[in-house]
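# Structural overview for review
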Amino acid sequence: MQSDNSLAEHAMADHYTTLEVAKMLGMAVRSVQLMVDRNELEAWKTPGGHRRISRASVERWMTAHGAGGAAQAPAVGTPVAARPPLAAPVAPAKGRAPQILLIEDSIHFQNLVGLIVQQHLPGVQLHVANDGITGLALYGQIQPEVLIVDILLPGIDGATLITTLRSHPQFARSHLIVVTSLDEQQREPYAFALQGVKVIHKPRLVAELPSALAACIPQAQVSA
């Protein structure tokens, strides 16, 4: 018969800590906590109150989302100098209308961004994805001049999506704008992905997004 210690060790081998899962998936710890809250990952708490996440549920999630070969995101504590910089965007191909990809799960904000683009940049094509997984696939298809991403997304959060895209050379062609309902303090767990990125608080979207888009897509490109 196995000792109590052996049983405990066996149980722990079948589980990860929240921090371990965050590093494996390239996410912020808070994002993993939200996944547990949404029942996307199976978890329990030790008598001391520490969360343990089922290894099997993590493996299922990685298989379902194709995350087995995803690049590791920098940890929250990684020095700024060690983080990969955003490359300077390049001009769109001749004869192609500028493209914007919005990755946002709120219908309200999808419609709002659509109205802003229609009013201020009528020659631009707007594409919309409802979640991070769909957004990643669509990004590879259209390689937009501007990528607008919400931080809190189903499946893969915006911060993880950004760090994943940064590992791909084609990301060099895109300007990045992050939109979020989180205030500055609430954004701290995602700081590893937001260095040097234009962030717009959603209550300021109507006031700030038009000028941000105009800076990314000069009027000459829109009219071409």
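That block above? That's the structure.
Residues numbered from 1 in each chain as written. Predicted model: local features only at pLDDT ≥ 70, side-chain atom pairs only at ≥ 80, totals over all residues. Heavy atoms only, no water.

## Focus on the nonpolar core
- Among the nonpolar cores identified, the biggest contains 37 residues, and Val 21, Leu 41, Ile 103 and Leu 147 are the most heavily contacted of them.
- Counting residues per element, this core draws most heavily on helix H7 (residues 158-165), which supplies 4 residues.
- Here Leu 41 is in contact with Val 21, Val 32, Met 35, Val 36, Ile 53, Ser 57, Val 58 and Trp 61, once residues within four sequence places are set aside.
- With 19 residues, the next largest nonpolar core counts Ile 116, Leu 121, Ile 200 and Ala 212 among its residues. (Core = buried A, V, L, I, M, F, W, Y, C linked by side-chain atoms within 4.5 Å. Buried < 20%, exposed > 50% of the residue type's maximum accessible area, 1.4 Å probe, protein only. Helix = DSSP H or I, 4+ residues; strand = E, 2+ residues; numbered from the N terminus. Contact = heavy atoms within 4.5 Å.)

## A word on the packing of aromatic side chains
- If you walk through the whole model with that rule in mind, you get 1 aromatic pair.
- Its end group placed over the ring of Phe 109, Lys 202 keeps NZ or CZ at 4.4 Å from the ring centre. (Phe/Tyr/Trp six-rings, centres within 6.5 Å; stacked < 30°, edge-to-face > 60°. Lys NZ or Arg CZ within 6 Å of the ring centre and 35° of its normal.)

## Considerations on the pairing of strand S5 (residues 125-129)
- Pairing between strand S4 (residues 99-103) and S5: 5 bridges, direction parallel. Looking across to S5, one finds that Leu 101 is bridged to His 127.
- Following the backbone out of S4, through helix H5 (residues 107-120) and into the adjacent parallel S5, one traces a crossover that is right-handed. (Pairing = 2+ DSSP bridges. Right-handed = clockwise from strand over helix to strand, strands pointing away.)

## Some thoughts on unusual backbone geometry
- The backbone of Gln 143 shows a phi angle near 45 degrees, a positive value even though the residue is not glycine.
- One can find Gln 143 in the loop between helix H6 (132-142) and strand S6 (146-150).
- According to the relative accessible area criterion, Gln 143 is partly exposed, its value standing at 28%.

## Details of the pattern of salt bridges
- Considering all chains together, one arrives at 5 salt bridges under this definition.
- Ionic pairing is found between Arg 60 and Glu 42, a salt bridge with its closest N-O pair at 2.7 Å. Of this pair, Arg 60 sits in helix H4 (residues 55-64) while Glu 42 is found in the loop between helix H3 (29-37) and strand S2 (43-45), placing the two residues 18 residues apart along the sequence.
- The partner of Asp 150 in a salt bridge is Lys 202, and the shortest N-O contact between them spans 3.1 Å. Of the two residues, Asp 150 sits in strand S6 while Lys 202 sits in the loop between strand S8 (198-201) and helix H9 (205-216), which places them 52 residues apart along the sequence. Of the two residues examined, Asp 150 and Lys 202, each falls in the buried class.
- Each member of the salt-bridge network shares a partner with another, and the members are Glu 104, Asp 150 and Lys 202. (Salt bridge = Lys/Arg side-chain N within 4 Å of Asp/Glu carboxyl O.)

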